[in-house]
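# Geometric and topological summary
This is what each chain is made of:
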Amino acid sequence: VPGFVFSAAYYLVASALLWPLVLINAKSETDESNSNETTENKFPVVGGIELGSYLFFGNAFQVLGLESVPADRAGFLVQ
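Residues numbered from 1 in each chain as written. Predicted model: local features only at pLDDT ≥ 70, side-chain atom pairs only at ≥ 80, totals over all residues. Heavy atoms only, no water.

This structure, assessed with the given rule, holds four aromatic pairs. Aromatic side chains F4 and F56 sit 5.9 Å apart centroid to centroid with 55 degrees between the ring planes, which places their arrangement in the tilted category. Remark: F56 occurs in helix α2 (residues 39-68) and F4 occurs in helix α1 (residues 3-32); sequence separation between them is 52 residues. Among the residues examined, F4 registers a relative accessible area of 38% and is labelled partly exposed. Judged by relative accessible area, F56 falls into the buried class, the value being 16%. Measuring from centroid to centroid gives 5.6 Å for Y11 and F56, while their planes differ by 80 degrees, and the two rings are edge-to-face. (Phe/Tyr/Trp six-rings, centres within 6.5 Å; stacked < 30°, edge-to-face > 60°. Helix = DSSP H or I, 4+ residues; strand = E, 2+ residues; numbered from the N terminus. Buried < 20%, exposed > 50% of the residue type's maximum accessible area, 1.4 Å probe, protein only.)

Now the structure itself:
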């Protein structure tokens, strides 16, 4: 399995497993508050997606770099 495909599958499984927790948390927050402000509830989700995408692309570029350099330079890339 190519490294990029494995990384994509890893992050896809992680996000699929955590998504129900996000929905449960959002539902409990809306049940507790009677206000109609939905922008406050969307902020953590959007921020989490942004930070998760940074982690994914960083990991993907590291995997691509490790596949394209010799083994003596790969230790430098990992650290």
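This brings us to a nonpolar patch on the surface. A grouping of V1, V5, F6 and Y10 is seen on the molecular surface, where their side chains present a nonpolar patch of about 490 Å² in accessible area. Tracing the sequence through the fold places V1 in the segment before α1. (Patch = residues over 30% accessible without salt bridge, like charges linked within 9 Å, V, L, I, M, F, W, Y side chains within 5 Å. Areas by Shrake-Rupley, 256 points an atom, 1.4 Å probe, with all protein chains shown as cover. Salt bridge = Lys/Arg side-chain N within 4 Å of Asp/Glu carboxyl O.)

Further remarks concern the side chain of S7. Note on placement: S7 falls in helix α1. Here S7 is in contact with F56, N59 and V63, once residues within four sequence places are set aside. (Contact = heavy atoms within 4.5 Å.)

Moving on: the environment of V22. Considering the arrangement of structural elements, one finds V22 in helix α1. Classification of V22 as partly exposed rests on a relative accessible area of 30%. Note: C-alpha distance between V22 and V45 (23 residues apart in sequence) is 7.6 Å.

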